Amino acid sequence: MRLPVNLDIALTHIVTRKKQTLVTALGITIGVSIYLFMNSLSSGFSDFSRDNIFQNNAHIEIYKEDEMSQPLFDSGSGVVLISNPQITTSSKKLSNPEKLLHDIKAEPYITNAISLVEFSAVYRRGDTQIQGRGIGVDMLDYADMFQTDELMVAGSIQDLRDNLNGIIIGSGIAEKLSLTVGQNITVSSTEGIYKVLRIVGIFSTGSTQMDETRSYVNTTTAQQYLKEGPSYVTTIYANTVDPDNSLQYIEELAGIIPYAVEDWTVINKDIITQDETRQLMMTAISLAILIMAGFGIYNILSTTISQKIDDIAILKATGFNGRDVINIFLSEALFFGLIGTALGILVGICLIGIMKSIYIGQPVGNFPISVEADLVLLSTLLGLVLTLCAGYFPARRAADVDPVEIFRR
Amino acid sequence: MNDIVLQTQNLNKFFHEPVEFHVLKDINVSVHKGEFVSMIGKSGSGKSTLLYCLSTMDNDYSGEVHILNENVTGRKDKAMAAIRNKNIGFVFQFHYLLPEFTCLKNVMLPALKLGKHTYEEIEDRAYKKLEILGLKDQALKQSIKLSGGQQQRVSIARALINEPEIILCDEPTGNLDTKNTDMVFDVFRQLVDETNKTILVVTHDTDFAAASDRTIEMADGRIVSGNSGLYMEARA
Ligand SMILES: Nc1ncnc2c1ncn2[C@@H]1O[C@H](COP(=O)(O)OP(=O)(O)OP(=O)(O)O)[C@@H](O)[C@H]1O
Ligand SMILES: [Mg+2]
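On a predicted model such as this, the values are computed, not experimentally measured, just so you know.

## Side note on the site of ligand 1
Not every one of the 15 residues close to ligand 1 is listed here, only the nearest: Ser43(B), Gly44(B), Lys47(B), Ser48(B) and Thr49(B). Those chains with residues close to ligand 1 are chains A and B. Between Ser43(B) and ligand 1, the recorded distance is 2.5 Å, taken from a side-chain N or O atom to an oxygen atom. A distance of 3.4 Å is found between an oxygen atom of ligand 1 and a side-chain nitrogen or oxygen belonging to Glu171(B). Protein coverage of the free-state accessible area of ligand 1, which is 630 Å², stands at 68%. Secondary-structure elements contributing two or more residues to the shell around ligand 1 are strand 2 (21–27) and helix 1 (47–54) of chain B. Looking at which element gives the most residues to the shell around ligand 1, the answer is helix 1 of chain B, with three residues. Partitioning the shell around ligand 1 into residue classes produces three nonpolar, seven polar and five charged.

In structure tokens:
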């Protein structure tokens, strides 16, 4: 099978100018590889920080909001009472938690929901004490939602089961109080309850803030700390099918639930904003580099066409039309694009591989970067589109060459 | 055989830059099938300009150009290119070969564009054309490695590859020695006599012109002698 004549001409141009072909392709290679690498890096970071978020946060949290007293109170008899606004909520209790949990679980977009009892805790050993937050929860359900079992550095979550005197503490607490599994710890609540609990497990999330404050006990234990009965629940955590859609879900939930509904994006606003800023910057920089590469290609192709203007005039004189000329030069651009992009993807993947092998210490481990199919696809597409664009404008000019003007020179 | 294959009607052309210049004035010229016509005239009289109009490469004129009894004036770029490809062979004063290609490939390209024959057939034909012009042994050489005269002959072979009815030449022997000039003349003569092709050659070579069937003379953008009307009278 013989090549079509336009492709034949394009290929001859390419093989007779190997050096130029290489330089052009290399420009694309650099642009594409940097684009792929930087975006993979950015995406890796995002995934990492997101994983981190979901390690400690449910997609949706439901709790009772603090109510403020009205500063103006009209008694109806013409006398207006003015008072300082203050929190009037006497209890953080969610009423009828079983039904609430059941209703939430019935929503089609909810995959999992658990109820929690939160209390402010003070951990002590001797004279040392640490302020923190205790959470009373069915630990197995909780671990199911947050994979807490993977974070355990000592003991196990199973040991907390039905053990009203057991507690799982963060590694920061354990370190500060020099405690290990099997030892006792004194934990008190603001409600004035003191208990001596036995440490059955220690976890480490990597977040110092978490590890130095958080502990888990059984629901009943937490209720006792709050001096409350068995139906007392402060918070419900729910996971959804798609966390990126959480805003829509909370709107729907707000319609059926009389409590405050918040999603993970509100709770982690800072992290998410940081993340978005970084991603935007990375995208902008990598795109700028890619576009610079595009201008490089445009420049080289423009020069080639200026040098070949006599040839173009002959082709047109012997019966090749404008579209043929565009075909010839676009084929060349496409060829540069294919070679350059393929190499660029290869180099990009190598860079990612090197980065991935770099260890940056706990809790991150190796660099959070990986080859993502959609980014590879996007880079390939951008590389090709860019070369075609960079090739199209010079090719257009070539097609408009007036052979008579050339022959007269 | 008196069919007209090339004709102009009231062809006028102006250049606007750098100053308004009436380069072709009321040109009415007819060339018949099987004629070997030469065109002479002082430098700057408008010979090349007329030839470009006749070749469909220049469309910026008023009046009409007819090729093979078809008015081609105002056709689209693509249609004009197809006409040139199929019906017109053009030979330039300065050879103009594509430097990256072999002589053979240079000759083949217009035929590959036409796409009427297979690659092998075209290759075969190209060899034959080169042979006619005494260049068979140079066929596979890179075109820039040939001498000027050889390159000019390759470009003539290229003009003949699609067996066009009309061959237009702008000073094809301007850079050739007498031996090569005679050879080109013989090839043209043969084409006209044996295959009834039509040839219009712009030349400054008076011997070459004298040996053609008819000589058109241009001066100041007008045809001053050798017009087809006179020719028709002479034949009658
Ligand atoms: N692009 C142009 N713009 C303006 N004037 C032009 C242009 N091309 C040609 N001319 C003028 O038109 C006239 C005719 O030019 P043309 O090339 O047709 O002459 P010619 O008869 O072929 O001359 P020669 O024998 O030297 O080749 C000349 O006076 C030339 O200066
Ligand atoms: Mg001229």
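## Observations regarding the nonpolar core
One finds Phe407(A), Leu6(B), Leu168(B) and Phe188(B) to be the most contacted residues of the largest nonpolar core, which totals 91 residues. Here this core gets seven residues from one element, more than from any other, and that element is helix 3 (residues 103–114) of chain B. Look past the residues within four positions of Leu6(B) in its chain and what remains in contact with it is Val29(B), Ser30(B), Val31(B), Leu54(B), His66(B), Ile67(B), Ile166(B), Leu168(B) and Leu200(B). Core analysis: the next-biggest nonpolar cluster, separate from the first, contains 23 residues, Ile28(A), Leu290(A), Ile297(A) and Ile369(A) among them.

## Examining the domain arrangement of chain A
The figure often quoted for interface size is the accessible area lost as the parts come together. Residue and element names in this part refer to chain A. Taken domain by domain, chain A consists of domain 1 (5–54 + 271–408) and domain 2 (87–264). Centre-to-centre separation of domain 1 and domain 2, based on C-alpha positions: 52 Å. Listed by partner, the interface residues are five residues for domain 1 and five residues for domain 2. Note on domain 1 versus domain 2: buried area summed over both sides is about 510 Å², and carbon and sulfur give 65% of it.

## With respect to the pairing of strand 8 (residues 184–189) of chain A
All names here are of chain A. The pairing of strand 4 (residues 110–125) with strand 8 spans four bridges and is classified as antiparallel. Across the sheet, residue Val 122 finds its bridge partner in strand 8, namely Ser 188. One ladder, built from five bridges, connects strand 8 with strand 9 (residues 194–203); its direction is antiparallel. Note on strand 9: the bridge partner recorded for Val 187 is Lys 195. Counting the residues between successive antiparallel strands, the hairpin from strand 8 to strand 9 contains four residues, one of them, Gly 192, with a positive phi of roughly 90°.

Reading the values: the criteria
Residues numbered from 1 in each chain as written. Chains lettered and ligands numbered in written order. Predicted model: local features only at pLDDT ≥ 70, side-chain atom pairs only at ≥ 80, totals over all residues. Heavy atoms only, no water. Near = heavy atom within 4 Å. Polar contact = N/O pair within 3.5 Å; in protein donor to acceptor, adjacent residues only side chain to side chain. Areas by Shrake-Rupley, 256 points an atom, 1.4 Å probe, with all protein chains shown as cover. Helix = DSSP H or I, 4+ residues; strand = E, 2+ residues; numbered from the N terminus. Nonpolar A, V, L, I, M, F, W, Y, C, P; charged D, E, K, R; others polar. Core = buried A, V, L, I, M, F, W, Y, C linked by side-chain atoms within 4.5 Å. Buried < 20%, exposed > 50% of the residue type's maximum accessible area, 1.4 Å probe, protein only. Contact = heavy atoms within 4.5 Å. Domains from an automatic or database assignment. Buried area = accessible area lost by both parts, 1.4 Å probe. Pairing = 2+ DSSP bridges.

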